[in-house]
Each structure stands twice: as C-alpha cells, then as structure tokens.
Amino acid sequence: MAESGARAAEAVADRGWRLRHLPVLLAAVAVLAALAAVAGGVWRGADGALGAAAGVAVTAASYTLTTVVLAWADARDPQLVLPFGLGLYVAKMTALGGVMVLVASTGWPGLIPFCLGVAAGVVVWTGVHIWWLATVHARRVRG
C-alpha cells in the first residue's frame, strides 16, 4: 500500500503527465490529415479528400478520447483503467463498425480513402507515440 500512496503523491505533484504527449500526437495527425486529404483528392476527387481526412480525424478522436478517459480513470483509481479501457474499446469499435456499415450501404466513393485514412492514422499515432515515449518521456524519467 505504501507504493500506492507514493504513486498518488507523485501524480498529484505532476498532474499533467498523463496527457503531456497529446499535443505532439495531435500535431502529427493534423499534418497527416492534410497530406491524406491531398492524396485522397488526387486519387478520388473531393470524396476521396474528405474520406481520407475524415479517416485520420476519426482515429485521432478515438485515441484522444481513450487517452482522456484512461487518464481520468487512472487519476481516480488505477483499478478503473482496465474496465474503462475495455468498455470504451467495445463502444468505439461498435460505433465505428455501425457507421462503416451505414456508409458502405450508400455506395459513397470516399469509403476506401476513409478506411486508408483510419489505417494511416493508426500507424502515425502509434509511431509518434512510441517515438515520444522512447525519447521525450525517457529523458524526463532519467532526468
């Protein structure tokens, strides 16, 4: 239990640590969304541009929501992270699947660029997050 108290005191001393990486990640996906819109526009016109940028935006919104909810849960009680994380994951995947089924039923030509935007968003968000943890965060922990 002493470790839990020490962790709580450390967290109170540095309240922003759980969300400190968000600005870097959001900047990276903003750049990606712009590039995806250009690529989607070249490939499939306006629908492709909208679809690719929307795919990146959906990924960024999803990961940002997860980060904020898990940071909130961890600040309250670390044992809340698993149930909140799993519940949020199920809710997000259900909503995304439902939206994609509805959009696919319309025959919208931006669906494939949307899917590629989601995939690119996942890759960039994960890659930048790994970079941030390995460099920026690692320096803070060591220093």
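Residues numbered from 1 in each chain as written. Predicted model: local features only at pLDDT ≥ 70, side-chain atom pairs only at ≥ 80, totals over all residues. Heavy atoms only, no water.

- Per an unreviewed UniProt entry, the chain goes by the name ATP synthase protein I and belongs to Micromonospora robiginosa.

### A short note on the pattern of salt bridges
So, step 1. Applying the stated criterion across every chain yields a total of 1 salt bridge.
So, step 2. With a shortest N-O distance of 3.0 Å, Arg 18 and Asp 74 are connected by a salt bridge. Placement of the pair is Arg 18 in the loop between α1 (2–13) and α2 (22–76) and Asp 74 in helix α2, with a sequence separation of 56 residues.
So, step 3. Given a relative accessible area of 13%, Arg 18 falls into the buried group. (Salt bridge = Lys/Arg side-chain N within 4 Å of Asp/Glu carboxyl O. Helix = DSSP H or I, 4+ residues; strand = E, 2+ residues; numbered from the N terminus. Buried < 20%, exposed > 50% of the residue type's maximum accessible area, 1.4 Å probe, protein only.)

### Brief notes about the environment of Trp 17
So, step 1. Tracing the sequence through the fold places Trp 17 in the loop between α1 and α2.
So, step 2. Between the alpha carbons of Trp 17 and Ala 71 there is a distance of 9.1 Å; along the sequence they are 54 residues apart.

### Re a nonpolar patch on the surface
So, step 1. On the surface, a cluster of nonpolar side chains totalling about 310 Å² of accessible area is made up of Trp 43, Ile 112 and Leu 116.
So, step 2. Among the structural elements, Leu 116 can be located in helix α4 (residues 111–142). (Patch = residues over 30% accessible without salt bridge, like charges linked within 9 Å, V, L, I, M, F, W, Y side chains within 5 Å. Areas by Shrake-Rupley, 256 points an atom, 1.4 Å probe, with all protein chains shown as cover.)

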